[in-house]
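# Topology and contacts: notes
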Number of protein chains: 2
Amino acid sequence: MHLSTVSRVLNGDQSLSIRPETRDRILTAAHRQGYRPNAMARALKRSRTGALAMVVPLLRNPIWAGIQRGALQAAVEGGQVVMILEEPQDDVRPPTDYQYLVEESRADGLLIATSRREGAGRHRGLVVPHVYLNRRGPQPGNNVVMDEDMAMRLFVDHVAALGHRRLGVVDGFKIIDTVHRRAAAVRALCSARGMSVTFEHAEDTEEGGYEAARRLLQRSEAPTAIGVGSLTQLFGAMMALRELAVSVPDDMSLVSFDEDACLRYLEVSVTSVSMPLHELGAAAVRALIERVNGGAGEDLLVSNPLTLVQRASTAAPRSGRRLRR
Amino acid sequence: MHLSTVSRVLNGDQSLSIRPETRDRILTAAHRQGYRPNAMARALKRSRTGALAMVVPLLRNPIWAGIQRGALQAAVEGGQVVMILEEPQDDVRPPTDYQYLVEESRADGLLIATSRREGAGRHRGLVVPHVYLNRRGPQPGNNVVMDEDMAMRLFVDHVAALGHRRLGVVDGFKIIDTVHRRAAAVRALCSARGMSVTFEHAEDTEEGGYEAARRLLQRSEAPTAIGVGSLTQLFGAMMALRELAVSVPDDMSLVSFDEDACLRYLEVSVTSVSMPLHELGAAAVRALIERVNGGAGEDLLVSNPLTLVQRASTAAPRSGRRLRR
DNA sequence: CTGTTAGCGCATTCAC
DNA sequence: GTGAATGCGCTAACAG
């Protein structure tokens, strides 16, 4: 009984008929000695590393926790290790800059979760197995995104049902793919319902949210309900409302497009749209594994579970003049 | 001119005297063909992967952004790749559960940033190169932590200078190493200054912060200044203050032990202690690289830059009865 | 100073 | 059904 037999047993080779006792002897011996197959050597032989690389923007945005967690879980189920690379926001690089990970065979495929849309023309496109996560890449076929359309529908329908007709949206710049899709969706929804909508795009920081909300509030025809693209911007927006003495929800309804536990604890607990972050991460990893295995690709739209978390920041628009305080 | 020569040129072998033109020819050819050394094969030969694994708790706490960023930068400078593994809070595992990464040679060493202190006795200790980051491991020699003592000194001195004598602290459970060290530091500082201090330990969630703050406020001799261990707990604590109509800073001074941009934008902008997160991450990676190279180890205390960010949530304790609102 | 060669640890093809 | 042999891509120790 020798080397190769051991290898086969350890890899669970089906076409191997071995005496169960021998099999057991091998397994227990391996376990007892704490045998670990060398991933490098195995990778070299199989030309598969068993690792996936995920590139995410280095953000404080809590959505990444949910996404990463889903991805991690799916990876474990698929027998893969995930390495996460965080890209500083002040040093944004094209996705091709991460191909080296596959080319050097440190990973089998790439999960690209950087948020910026590339100019579809100039971009050469990745030549290694990959999936764009929460954004679309230059070509169709490798994109796994959430149903921002549905999310915006929840937002618009909620405030419309309360009686609002003039909406405002504070969000990041349109170069961010999710922002782009959300804006298009809101525009279409409002137009279909005969509602008006005003967008203010700004940096995804507290300061950006603050400035954008101020601009929105100082318009001649200010909206009566505002959606805010991220938790970060929300903090800024709430300060703007406070400064201008606009009370929520009496003078203004407020909805966050990021769900987070802290929303319940703010000065006014904030209604939000909760996205399927966990499912997004998991779906992307599964899609990538499929591509690494040579499977073809289809774009994926993750829609479940997508819900509105109703809290205290939304109400009917003020009709009379009941000034609180 | 053959294979090994190429290898040597590409690895920048000094002891190689070659005609510059040949050298150039090799380099340009390699570049033109997009040659990438196969990291697996190289690792196999050198028995060094060039990768470090960092295990962090899957928290929304923004401190990890700073730490990871510092670590990443130091890693790039050291020619290493960092793979980040996130450990779900609901599935806490001992550090030894991650040794397989080194044993399978997926990584050369481990950065352990999970927060829980192990029972020093039972724990076998890691047998692979490693560094504990922002916490202490079972033995001295491999720990890189921040100067929580100094941080607490900034907090206590700040409120003491404002005239506070009764302090409160809302923090996580003492099984978290940083919490343990902070508590010890505050106790010593207060005792030395003849001040009293009350601790409330709770889950590191908004809910936990809320409950702990309530308990603190309902004591017969409530403190006049409170320090809060994390941003998450801070949200809860602020809700408790709001509900009990305790105004900040008039009735209560408030300090966060996490610094974050959003603090400036809260209903009352919150004073905080800013920790050297970036430096911590970088120092830990450098320390780990040293250990991977066989170097001995010393515990490291990262103290710079450590500052108090003064905002509007701290003031002298109320003496008279000036009730604002 | 440069070319040849041996193996890093494993999976797998082939004879047996 | 099982053992021996080959090579994944690279580096380093050798000999030339």
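The number of helices and strands found in chain A is 10 helices and 12 strands. Relative to the globule expectation of 20 Å for 325 residues, the C-alpha radius of gyration of chain A, 25 Å, shows a markedly less compact shape. On the principal axes, the C-alpha backbone points of chain A span a range of 90 × 45 × 35 Å. When burial is assessed residue by residue, chain A has 52% of its 325 residues classed as buried. Long-range pairs, those at least 24 residues apart, make up 71% of the contacts in chain A between residues at least 6 apart in sequence.

This part is about the interface of chain A and chain B. Residue-level contacts link 45 residues of chain A with 45 residues of chain B. Regarding the contact of chain A and chain B, the summed buried area is about 4300 Å², with carbon and sulfur atoms giving 61% of it. The largest share of the area that chain A buries against chain B comes from A:Met40, A:Arg106 and A:Tyr265, three residues that together contribute 18% of it. There are 4 salt bridges connecting chain A and chain B.

Quick look at the sheet that holds strand E2 (residues 81–87) of chain A now. Residues and elements named next belong to chain A. Ordered in space as E2-E1-E3-E4-E5-E11, the 6 strands form an open sheet in which the pairing is parallel. The outermost strands of the open sheet, each flanked by one partner alone, are E2 and strand E11 (300–302). Going across the sheet, the axis of each strand differs from the next one's by a mean of 20°, ignoring polarity. Pairing geometry for strand E5 (residues 143–146) and E11, over 3 bridges, is parallel. Across the sheet, the residue bridging to Met 146 is Val 302, located in E11. Here helix H10 (residues 277–292) sits on the sheet in contact with strand E1 (51–57), strand E3 (109–112), strand E4 (130–133), E5 and E11, set at roughly 165° to E4.

Before going further, it helps to spend a moment on the relation of the copies chain A and chain B. Rotating chain A by 180° and moving it 0.0 Å along the rotation axis overlays it on chain B with an RMSD of 0.1 Å. These values place the two chain copies in the arrangement generated by a two-fold rotation axis. Relative to the rotation axis, the closest C-alpha in chain A is found at A:Met83, a distance of 2.2 Å. Here 100% of the interface residues in chain A have copies in chain B that are interface residues too; the copies meet face to matching face.

Take the domain arrangement of chain A next. Residue and element names in this part refer to chain A. In terms of domains, chain A is made up of domain 1 (3–37), domain 2 (47–146 + 277–303) and domain 3 (148–276). Between the C-alpha centres of domain 2 and domain 3 there is a distance of 28 Å. Every contact between the two is made by 18 residues of domain 2 and, on the other side, 17 residues of domain 3. The junction of domain 2 with domain 3 conceals about 1500 Å² of combined surface from both sides, 51% of it contributed by carbon and sulfur atoms.

Thresholds, definitions, all that
- Residues numbered from 1 in each chain as written.
- Chains lettered and ligands numbered in written order.
- Predicted model: local features only at pLDDT ≥ 70, side-chain atom pairs only at ≥ 80, totals over all residues.
- Heavy atoms only, no water.
- Helix = DSSP H or I, 4+ residues; strand = E, 2+ residues; numbered from the N terminus.
- Rg over C-alpha atoms; globule rule 2.2 N^0.38 Å.
- Buried < 20%, exposed > 50% of the residue type's maximum accessible area, 1.4 Å probe, protein only.
- Contact = heavy atoms within 4.5 Å.
- Buried area = accessible area lost by both parts, 1.4 Å probe.
- Salt bridge = Lys/Arg side-chain N within 4 Å of Asp/Glu carboxyl O.
- Pairing = 2+ DSSP bridges.
- Axes fitted to C-alpha atoms, helices over the stretch in contact; angles between N-to-C directions.
- Least-squares fit on C-alpha atoms with pLDDT ≥ 70 in both.
- Domains from an automatic or database assignment.

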